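Below, each chain spelled out in residue letters.
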Amino acid sequence: MQRPAKLDILAHLATALGAATTPAQRWQASDVALQALYGHRLYTILAFDTKARLLQRLYSSRPDINPVGGIKRVTQSPWVDRVLLAGTGYVGSSPADLAAVFSDHALLTSHGLGSVLNISVLNRGTVVGSLNLLDHAANYDGVDLAPATIVAQLLAAALSETAATLDGELPPGVALETV
């Protein structure tokens, strides 16, 4: 019996993560897997510091759009409630959906990005970050979210470990984005 392609992609990711010796290798492996599963023009990984209420970008497939190290202040919003507090993720289908939740929506849409898939990453019942895929409008409508959840959970320990090294202090001169 032939295994589904999704299972092969996830098995390859698990093998790559088992062999990875650095966070950068883990993040890159997840990029390859999520590209194969869903496609994206931008993929970022954000660590969530619950105490400081900050998100920090650990990985970006397009540093020209969203550079690594960028920090976002977590404000009160339905997106925060859903992705960072409830851990249920978010699918946005249109540029209007991006505008409703991201302060940098104009930058995103200027690069042809019109939809988003945010996957909450949980460790021990607490959100430690999110995986964020962006592509053309309606790209993630009706997709099977199970593989994305598996990818997120395969990264949970590494993301949690990396998030624990963030000190919650902003470097001098850092301008905050908001979500």
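As the structure is a computational prediction, the values presented were derived from the model and not from experiment.

So, how was this worked out
Residues numbered from 1 in each chain as written. Predicted model: local features only at pLDDT ≥ 70, side-chain atom pairs only at ≥ 80, totals over all residues. Heavy atoms only, no water. Buried < 20%, exposed > 50% of the residue type's maximum accessible area, 1.4 Å probe, protein only. Helix = DSSP H or I, 4+ residues; strand = E, 2+ residues; numbered from the N terminus. Pairing = 2+ DSSP bridges. Phe/Tyr/Trp six-rings, centres within 6.5 Å; stacked < 30°, edge-to-face > 60°.

Draft legend 1. View of the pairing of strand S6 (residues 126-135). With nine of ten residues buried, S6 is to be regarded as a mostly interior element. Across six bridges, the pairing between strand S1 (residues 42-49) and S6 is antiparallel. Paired with Leu-42 across the strands is Leu-134, a residue of S6. Examined bridge by bridge, strand S5 (residues 115-123) and S6 share nine bridges and lie antiparallel to one another. Residue pairing in the sheet places Leu-122 in a bridge with Val-127 of S6. In textbook terms, the turn of a hairpin is the stretch between consecutive antiparallel strands, and for S5 and S6 this stretch comprises two residues, one of which, Arg-124, has a positive phi near 55°.

Draft legend 2. Spotlight on the packing of aromatic side chains. Enumeration according to the criterion identifies two aromatic pairs in this entry. Aromatic side chains Tyr-43 and Tyr-59 sit 5.6 Å apart centroid to centroid with 55° between the ring planes, which places their arrangement in the tilted category. One end of the pair, Tyr-43, is in strand S1; the other, Tyr-59, is in strand S2 (residues 54-60), with 16 residues separating them in the sequence. An identical accessibility class is assigned to Tyr-43 and Tyr-59; each is buried. Here the aromatic rings of Trp-79 and Phe-102 are separated by 5.8 Å at their centres, their planes lie at 70°, and the arrangement is edge-to-face.

Without other data, these values stay purely geometric and don't point to any function.
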